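Listed below are the residues making up each chain.
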Amino acid sequence: MWSLFARSILPSHLVRTRRSIATIVSGTRTSRLVRDRLKTEVDQMRTEVPRFRPGLLVLQVGHRDDSNLYISTKLKAAAEIGIEAKHIRLPTTATQDQVLKTIWTINQDPSIHGLIVQLPLQTENCIDTQLVTNAVCPEKDVDGLTCMNAGKLSRGDLDDCFIPCTPNGCMELIRQTGVSVEGKHAVVIGRSKIVGAPMRDLLLWNHATVTSCHSKTPDLALQVSRADVLVVGAGRAEMVRGEWLKEGAVREGGGVGG
Ligand SMILES: NC(=O)c1ccc[n+]([C@@H]2O[C@H](COP(=O)([O-])OP(=O)(O)OC[C@H]3O[C@@H](n4cnc5c(N)ncnc54)[C@H](OP(=O)(O)O)[C@@H]3O)[C@@H](O)[C@H]2O)c1
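Residues numbered from 1 in each chain as written. Predicted model: local features only at pLDDT ≥ 70, side-chain atom pairs only at ≥ 80, totals over all residues. Heavy atoms only, no water.

### A closer look at the overall build of the chain
- Along the backbone of the chain there are 8 helices and 8 strands.
- The burial tally for the chain puts 41% of its 258 residues in the buried class.
- Contacts spanning at least 24 positions in sequence make up 72% of the contacts within the chain whose residues lie at least 6 apart.
- For the chain, the exposed area adds up to about 14,000 Å²; of that, 54% sits on carbon and sulfur atoms. (Helix = DSSP H or I, 4+ residues; strand = E, 2+ residues; numbered from the N terminus. Buried < 20%, exposed > 50% of the residue type's maximum accessible area, 1.4 Å probe, protein only. Contact = heavy atoms within 4.5 Å. Areas by Shrake-Rupley, 256 points an atom, 1.4 Å probe, with all protein chains shown as cover.)

### A short note on unusual backbone geometry
- Note the cis peptide between L119 and P120, where omega equals -5°.
- Along the chain, the position of P120 falls in the loop between β4 (114–117) and α4 (129–135).
- With phi around 75°, H207 is a residue other than glycine that occupies positive phi space.
- Along the chain, the position of H207 falls in the loop between α7 (196–205) and β6 (209–213).
- Even without being a glycine, E238 presents a positive backbone phi close to 60°.

### Description of helix α6 (residues 165–176)
- With 12 residues, α6 should cover 16 Å at 1.5 Å per step; its first-to-last C-alpha distance of 16 Å lies within 8% of that length.
- Trailing α6 by a residue or two, G178 shows a phi angle of about 85°, which is positive. (Expected span 1.5 Å × (residues − 1).)

### Concerning the pattern of salt bridges
- On inspection of all chains with the given rule, the structure shows 12 salt bridges.
- For the salt bridge of R37 with E172, the shortest nitrogen-to-oxygen distance reads 3.7 Å. Here R37 is found in helix α1 (residues 27–48), whereas its partner E172 is found in helix α6, with 135 residues between them in sequence.
- When its relative accessible area of 41% is taken as the criterion, R37 is described as partly exposed.
- Between R241 and E243 there is a salt bridge, and its shortest N-O distance comes to 3.0 Å. (Salt bridge = Lys/Arg side-chain N within 4 Å of Asp/Glu carboxyl O.)

### Comments concerning the packing of α1 against α6
- At their nearest, the axes of α1 and α6 sit 10 Å apart, and the two run at 105° to each other. Classified by the angle between their axes, α1 and α6 sit roughly perpendicular to one another. Note on element contacts: α6 touches α1 through E172, L173 and Q176, opposite G27, R29, T30, L33, V34 and R37.
- Classifying every residue of the contact of α1 with α6 by side-chain character gives 3 nonpolar, 3 polar and 3 charged. (Axes fitted to C-alpha atoms, helices over the stretch in contact; angles between N-to-C directions. Parallel < 35°, antiparallel > 145°, perpendicular 65-115°, else oblique. Nonpolar A, V, L, I, M, F, W, Y, C, P; charged D, E, K, R; others polar.)

### Some details on the site of the ligand
- In the neighbourhood of the ligand, 18 residues make up the surrounding shell, with R191, S192, H214, S215 and R236 lying closest.
- The separation between an oxygen atom of the ligand and a polar side-chain atom of S192 is 2.4 Å.
- A distance of 3.0 Å separates a nitrogen atom of the ligand from a polar side-chain atom of R236.
- Here the ligand has 900 Å² of accessible area as a free molecule, and 63% of this is covered by the chains.
- Looking at the shell around the ligand residue by residue, the classes come out as 8 nonpolar, 8 polar and 2 charged. (Near = heavy atom within 4 Å. Polar contact = N/O pair within 3.5 Å; in protein donor to acceptor, adjacent residues only side chain to side chain.)

### Describing α7
- Counting buried positions over the 10 residues of α7 gives 7, a clear majority of the element.
- Taken as a whole, α7 has its buried residues at G196, A197, P198, M199, D201, L202 and L203.
- In this structure, the buried residues of α7 make contact with α5 (147–154), α6, β5 (185–189), β6 and β7 (229–232).
- Positive backbone phi, approximately 75°, marks H207, located one or two places after α7.

### A short note on the state of the cysteines
- Applying the stated criterion across every chain yields a total of 0 disulfides.
- No disulfide involves C165; its sulfur sits 9.9 Å from the nearest other cysteine sulfur, which is in C170.
- Judged by its relative accessible area of 51%, C165 falls in the exposed class.
- Residue classification places C170 among the buried residues on the basis of a relative accessible area of 4%. (Disulfide = S-S within 2.5 Å.)

### A short note on the pairing of strand β2 (residues 55–61)
- Burial analysis of β2 places 7 of its 7 residues in the buried class, the great majority of the element.
- Along β2, one buried face is formed by G55, L57, L59 and V61 and the opposite face, lined by L56, V58 and Q60, is buried too.
- Relative to strand β3 (residues 84–90), β2 is paired through 7 bridges, and the arrangement is parallel. Bridging from a neighbouring strand, L57 pairs with K86 of β3.
- Chirality of the crossover, the property in question, places the unit of β2, helix α2 (residues 65–80) and β3 among those that are right-handed.
- Note that β2 and β4 share 4 bridges and pair parallel. Its bridge partner lying in β4, L59 is registered against V117. (Pairing = 2+ DSSP bridges. Right-handed = clockwise from strand over helix to strand, strands pointing away.)

And the structure:
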């Protein structure tokens, strides 16, 4: 997952010489800034309402190694900022009904304010993932995957919805560059519900003009060459070639999706 900014729109401190045209924006530093900000917000909440403790629950079906790692990272990060985080794991034999009933129970639990359904679900049964993610009550849907939150985001109600974390993180990285996306031409590769589509909506409602690309887009190189801001969420490493980019681009982030 990475974003690019043409030299022409960058502040001078982010632009290097012609030989060294890329500046990497540190995801670690950005993550630290976000965690510090959230910790301050949680502390403030708890000062205002002394017995209040925000509660997060991560629901997992199965025991995939990658999910286990993501969950332990989430629990650790939550604890660090003062959120009480719990983890429920259902076995791979869990049925759709059992998963839905668990979600309905958590929806009713006043001590849980945020519910994450860890995807993908690892199950021996046929489970409709969309039905499951949509069963989370929108007020607790901190991953922003319910139709209600996705719909609000697509209509630009950014202050009244939860935003999926990966595109939200990308926007935060873009903000850290000090460059406003307003009036820029942004290109997003990928249109999944979790990454590409919410990224497109976020850029649009932050006033970029957005082109959304997917596997049927002809001449991807041409679209990329027009981008002031490029976000790639296609799941194929090195799909975008350096020569497609506007000259002097700065690359920030770098990781799985890139
Ligand atoms: N899912 C997450 O929560 C998450 C979190 C962090 C990072 N990531 C990373 O983000 C990346 C994308 O994840 P995802 O869940 O969005 O993947 P996904 O559901 O597989 O979606 C991939 C998207 O890329 C498009 N695409 C594939 N090949 C393409 C090509 N040659 N040209 C243009 N578009 C192409 C697909 O187009 P079509 O729609 O036409 O098929 C689709 O919209 C992955 O690397 C993943 O590891 C995902």
